[in-house]
Amino acid sequence: MKKITIAIDGFSSCGKSTMAKDLAREIGYIYIDSGAMYRAVTLYSMENGLFTGNDIDTEKLKEQIKDIHISFQLNPDTGRPDTFLNGVNVEKKIRTMEVSSRVSPIAALDFVREAMVAQQQEMGKSKGIVMDGRDIGTTVFPDAELKIFVTASPEIRAQRRYDELKAKGEEAGFDEILENVKQRDYIDQNRAVSPLRKADDALLLDNSHMTISQQKEWLAAQFEKVCKA
Ligand SMILES: Nc1ncnc2c1ncn2[C@@H]1O[C@H](COP(=O)(O)OP(=O)(O)OP(=O)(O)O)[C@@H](O)[C@H]1O
Ligand SMILES: Nc1ccn([C@@H]2O[C@H](COP(=O)(O)O)[C@@H](O)[C@H]2O)c(=O)n1
């Protein structure tokens, strides 16, 4: 069967990667979490002294962006890809609240986006890929055969993230997470380069009141439809 490109965009913490990973595994496609790439650039900036408080040394980051190599490797224990930054597994580190609270300003920088989008387009050049993010259907793969835009209320999204962090034994309050979700949505929607928006030809999914298995079934049905068309 001919392979296609699947772009899943939407607001933070709404379940994009959960759906994307499951679908990719079932249909034998590559899964790429583009948010993990922006998170890895943020972690690099934090670990290399490019932040002073909330200020980013953009000149230094611009010089060093070519030295930031991000890759993914399947973790046999979780069955999902882990993120590597310059050869080091940073999957756990990039998911902390500290990174979440600094990532959106980094992702708003034009030269960072240019570098990440080029890598993402390279990863998807042979199709057979499910990529999730904020600008996949609008900028990275505007010709994707299947585009989904996911949303859910900020409170529901914050609760999902809170439950996830709690299950991992990480300290984070609900209010802090809700604030972070709202702040990232604002920055992501209002940045100058590739702001978060639904592509005109994307299907809208509000999964506020859907279970993980319901949204998985919905996505599989959309995939079937596109493949049969
Ligand atoms: N329909 C759902 N009902 C309840 N929990 C869900 C649902 N979908 C996903 N989740 C849970 O919500 C949390 C966030 O999901 P996920 O990481 O897939 O979101 P995301 O949109 O990829 O987030 P981000 O863009 O911030 O990386 C996870 O703990 C996931 O298990
Ligand atoms: N295509 C993308 C993906 C992500 N971002 C930015 O990265 C942040 C973290 O992404 P998560 O998916 O892990 O939440 C996100 O808030 C965006 O600022 C992006 O700009 N483009």
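What you are looking at is a predicted structure, and each value in this text was computed from that prediction instead of being measured.

A. Structural context of the packing of aromatic side chains. Enumeration according to the criterion identifies three aromatic pairs in this entry. Look at Tyr29 and Phe223: their rings are 5.8 Å apart centre to centre, the planes differ by 85 degrees, and that puts the pair in the edge-to-face class. Residue Tyr29 is found in the loop between helix H1 (16-27) and strand E2 (30-33), and its partner Phe223 is found in helix H9 (residues 212-228); the two are separated by 194 residues along the sequence. By relative accessible area, which is 11% here, Tyr29 ends up buried. What makes Phe223 buried here is its relative accessible area of 7%. Aromatic pair Tyr162 and Phe174: ring centres 6.4 Å apart, planes at 80 degrees, arrangement edge-to-face. Of this pair, Tyr162 sits in helix H7 (residues 154-167) while Phe174 sits in helix H8 (residues 174-190), and the two are 12 residues apart along the sequence. Overall, the relative accessible area of 24% leaves Tyr162 in the partly exposed class. In this structure, Arg102 is placed above the aromatic ring of Phe51, and the distance from its NZ or CZ to the ring centre is 4.6 Å.

B. Quick peek at unusual backbone geometry. A positive phi is found at Asn86, a non-glycine position, where the angle reads about 45 degrees. Locating Asn86 in the fold gives a position in the loop between strand E6 (80-85) and strand E7 (88-89). On the accessibility criterion, Asn86 (36% relative accessible area) is partly exposed.

C. Layout of the sheet that holds strand E9 (residues 146-151). Taken in spatial order, the five strands line up as E2-E8-E1-E9-E10 in an open sheet, and their pairing is parallel. Bordering the open sheet on either side are E2 and strand E10 (203-206), each of which pairs with just one other strand. Direction aside, neighbouring strands of the sheet carry axes that sit 20 degrees apart on average. In terms of strand pairing, strand E1 (residues 5-10) meets E9 through five bridges, oriented parallel. Counted as the bridge partner of Gly10 is Val150 from E9. With respect to the sheet, H1 is in contact with E1, E2, strand E8 (129-133), E9 and E10, its orientation differing from that of E8 by roughly 175 degrees. Together, E2 and E8 form the strand contacts of helix H2 (residues 34-47), whose direction differs from that of E2 by roughly 40 degrees.

D. Structural detail: the site of ligand 1. With respect to spatial proximity, 18 residues lie near ligand 1, and among them Lys16, Ser17, Thr18, Glu164 and Gln215 are the closest. For ligand 1, a nitrogen atom lies 2.8 Å from a polar atom in the side chain of Gln215. Coverage of ligand 1 by the protein amounts to 83% of the 630 Å² it exposes when considered alone. For the shell around ligand 1, the secondary structure elements donating two or more residues are H1, H7 and H9. A per-class count over the shell around ligand 1 returns four nonpolar, seven polar and seven charged.

E. Fine view of the packing of H1 against H9. Two numbers describe how H1 lies on H9: the axes approach to 10 Å, and their chain directions differ by 55 degrees. In terms of axis orientation, H1 runs oblique to H9. As for how H1 packs across H9, the hand of that crossing is right-handed. Across the interface between the two elements, Thr18, Met19, Asp22, Leu23, Glu26 and Ile27 of H1 pack against Ile212, Gln215, Lys216, Trp218, Leu219, Ala220 and Phe223 of H9. By residue class, the composition of the contact of H1 with H9 is eight nonpolar, two polar and three charged.

The rules behind each value
- Residues numbered from 1 in each chain as written.
- Chains lettered and ligands numbered in written order.
- Predicted model: local features only at pLDDT ≥ 70, side-chain atom pairs only at ≥ 80, totals over all residues.
- Heavy atoms only, no water.
- Phe/Tyr/Trp six-rings, centres within 6.5 Å; stacked < 30°, edge-to-face > 60°.
- Helix = DSSP H or I, 4+ residues; strand = E, 2+ residues; numbered from the N terminus.
- Buried < 20%, exposed > 50% of the residue type's maximum accessible area, 1.4 Å probe, protein only.
- Lys NZ or Arg CZ within 6 Å of the ring centre and 35° of its normal.
- Pairing = 2+ DSSP bridges.
- Axes fitted to C-alpha atoms, helices over the stretch in contact; angles between N-to-C directions.
- Contact = heavy atoms within 4.5 Å.
- Near = heavy atom within 4 Å.
- Polar contact = N/O pair within 3.5 Å; in protein donor to acceptor, adjacent residues only side chain to side chain.
- Areas by Shrake-Rupley, 256 points an atom, 1.4 Å probe, with all protein chains shown as cover.
- Nonpolar A, V, L, I, M, F, W, Y, C, P; charged D, E, K, R; others polar.
- Parallel < 35°, antiparallel > 145°, perpendicular 65-115°, else oblique.
- Left-handed = near helix turned anticlockwise from the far one by under 90°.

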